[in-house]
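# Descriptive analysis of the structure
If you want the building blocks of each chain, they are given just below.
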Amino acid sequence: EAGVTQFPSHSVIEKGQTVTLRCDPISGHDNLYWYRRVMGKEIKFLLHFVKESKQDESGMPNNRFLAERTGGTYSTLKVQPAELEDSGVYFCASSHLGTGGYNEQFFGPGTRLTVL
Amino acid sequence: QKEVEQDPGPLSVPEGAIVSLNCTYSNSAFQYFMWYRQYSRKGPELLMYTYSSGNKEDGRFTAQVDKSSKYISLFIRDSQPSDSATYLCAMRGSQGNLIFGKGTKLSVKP
């Protein structure tokens, strides 16, 4: 079974441009999470989808970030316009929708975003 | 005060050594405690998780949680060069999101 995949693996853009990151979760996983690691800092939560609905977007830094998950399968995270401080590694994770207990979040390899 | 504190290291040990990695946290409501391992240019991979207080062992790895002290540990016995990676502690937030420490970079020298 394929793991979580992310595209592109690396993106270099100029300040002010738009970038769209894509995440394909493990098939059958209804939970999809986006996280970000800025250099020198810890990995931080951005938002959580359950199927196509945004369950929690409390970690989104500002309205330049837009996440979608149409049809409850893959998700995109668009940054428009990109700023220098948006540089970092963006991780996607997915898990089963459990009724209790712990459901492991499986992480993708990340997209490294560099804004110049 | 950060929710999760973890010394980023780096930590360098000889092969065969016992490694001790630690995190402290501030939120007494945390119930699930995870250790992730991350190799360079890869995503975090779950090593172990513990529910509430206590110990959990898996091969050469032992996770400990002391909720009274808000302190968690990961011990690696007979460390191997293949254990060289960044180790991240994480706690599960109330909405299911993970709250990570900064990660400790471990290097095991042959």
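Please refer to the structure placed before this passage.
Described below are features of the structure shown in this document. Computed from a prediction, not measured in an experiment: that's the story for all the values here.

As a further point, take the sheet that holds strand β6 (residues 54–58) of chain B. Residue and element names in this part refer to chain B. Overall, antiparallel pairing links the 5 strands, which are arranged β1-β3-β8-β7-β6 in an open sheet. Because the sheet does not close on itself, it has two edges, and the strands there are β1 (4–5) and β6. Looking at chain direction, β1 and strand β3 (residues 19–25) are connected through 2 bridges and run antiparallel. In the strand pairing of β3, Val 4 is matched with Tyr 25.

Moving on to the environment of Ala 17 of chain B. Within the secondary structure, Ala 17 of chain B sits in the loop between β2 (11–14) and β3. Considering only alpha carbons, one finds Ala 17 of chain B and Arg 77 of chain B, 60 residues apart in sequence, at a separation of 6.7 Å.

Take the state of the cysteines next. Residue and element names in this part refer to chain A. Tallied over the entire structure, the rule returns 2 disulfides over all chains. The side chain of Cys 23 participates in a disulfide bridge whose partner is Cys 92; the two sulfur atoms lie 1.8 Å from each other. Taking the sign of the S-S torsion, -60 degrees for the link of Cys 23 and Cys 92, the bridge is left-handed. One end of the pair, Cys 23, is in strand β3 (residues 19–24); the other, Cys 92, is in strand β9 (residues 88–95), and 69 residues separate them in sequence.

All names here are of chain A. Spatial ordering of the open sheet is given by β1-β3-β8-β7, a layout of 4 strands whose pairing is antiparallel. Of all strands in the sheet, those with a lone pairing partner are β1 (5–7) and β7 (65–68), marking the two edges. Shown here is a sheet whose adjacent strand axes are inclined to one another by a mean of 15 degrees, direction ignored. Pairing of β1 with β3, which is carried by 3 bridges, proceeds in the antiparallel orientation. Residue pairing for β3: Thr 5 is matched across the bridge by Asp 24.

The next thing to look at is the interface of chain B and chain A. Of the residues lining the interface, 20 residues belong to chain B; the matching set on chain A comes to 19 residues. The largest contributions to the chain B side of the interface with chain A come from Gln 95, Phe 100 and Lys 102 of chain B, which together make up 26% of the buried area. Here chain B and chain A share 1 salt bridge between them. Between Glu 42 of chain A and Lys 2 of chain B there is a salt bridge; the shortest N-O distance is 3.2 Å. Of the residues forming the side of chain B that touches chain A, the biggest block, 4 residues, is contributed by strand β4 (residues 32–38) of chain B. In the side of chain B that touches chain A, the residues fall into 9 nonpolar, 6 polar and 5 charged.

Let us look at the side chain of Gln 6 of chain B. Residues and elements named next belong to chain B. Looking at the secondary structure, you find Gln 6 in the loop between β1 and β2. With relative accessibility at 6%, the residue Gln 6 sits in the buried group. Of the polar contacts made by the side chain of Gln 6, one reaches the backbone oxygen of Tyr 87; its length is 2.7 Å. Among the polar contacts made by the side chain of Gln 6, one reaches the side chain of Thr 104 at a distance of 3.3 Å. Excluding residues that lie within four positions of it along the chain, Gln 6 makes contacts with Asn 22, Cys 23, Trp 35, Tyr 87, Leu 88, Cys 89, Gly 101, Lys 102, Gly 103 and Thr 104.

Thresholds applied
Residues numbered from 1 in each chain as written. Chains lettered and ligands numbered in written order. Predicted model: local features only at pLDDT ≥ 70, side-chain atom pairs only at ≥ 80, totals over all residues. Heavy atoms only, no water. Pairing = 2+ DSSP bridges. Helix = DSSP H or I, 4+ residues; strand = E, 2+ residues; numbered from the N terminus. Disulfide = S-S within 2.5 Å. Axes fitted to C-alpha atoms, helices over the stretch in contact; angles between N-to-C directions. Contact = heavy atoms within 4.5 Å. Buried area = accessible area lost by both parts, 1.4 Å probe. Salt bridge = Lys/Arg side-chain N within 4 Å of Asp/Glu carboxyl O. Nonpolar A, V, L, I, M, F, W, Y, C, P; charged D, E, K, R; others polar. Buried < 20%, exposed > 50% of the residue type's maximum accessible area, 1.4 Å probe, protein only. Polar contact = N/O pair within 3.5 Å; in protein donor to acceptor, adjacent residues only side chain to side chain.

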